[in-house]
Amino acid sequence: MLRLIIGVAAGYVLGAKAGRVRYEQISKTTRAVAASPVTRKLVQVSRQKLSDRLNTQPKLEPMRPLDERTTVLVPHDQLRR
């Protein structure tokens, strides 16, 4: 989705007939959006969610701590309930 937006923006910038002023305006806005901490956080969260969905490894859940520093992890579907 992000690539599509970038592609559309690039196509518009390259094909705009408004001239250099409009190009600079679009370019400045694009850089501001790309450098925004909110945008970076959104991209990071989106990548993590996608990674979690595509991950084939079972999620590990903590069971019972053996001592203060050791916890046993088991796949979520094997938890005794």
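Residues numbered from 1 in each chain as written. Predicted model: local features only at pLDDT ≥ 70, side-chain atom pairs only at ≥ 80, totals over all residues. Heavy atoms only, no water.

A. Representation of a nonpolar patch on the surface in the model. A contiguous nonpolar patch, built from Met1, Leu4, Ile5 and Val8 and spanning about 470 Å² of accessible area, is present on the exposed surface. Looking at the secondary structure, you find Ile5 in helix H1 (residues 2-15). (Patch = residues over 30% accessible without salt bridge, like charges linked within 9 Å, V, L, I, M, F, W, Y side chains within 5 Å. Areas by Shrake-Rupley, 256 points an atom, 1.4 Å probe, with all protein chains shown as cover. Salt bridge = Lys/Arg side-chain N within 4 Å of Asp/Glu carboxyl O. Helix = DSSP H or I, 4+ residues; strand = E, 2+ residues; numbered from the N terminus.)

B. Structural context of the confidence of the model for the protein chain. Looking at the protein chain, pLDDT values average 79 and 73% of them are 70 or higher. Looking over the protein chain, one finds the lowest element-wise mean pLDDT in strand S1 (residues 60-65), namely 64, and the highest in helix H3 (residues 37-54), namely 90. (pLDDT = per-residue confidence, 0-100.)

C. Structural detail: the environment of Val13. You can see Val13 is positioned in helix H1. Measuring from C-alpha to C-alpha, the distance between Val13 and Gln25 comes to 9.6 Å, with 12 residues separating the pair along the chain.

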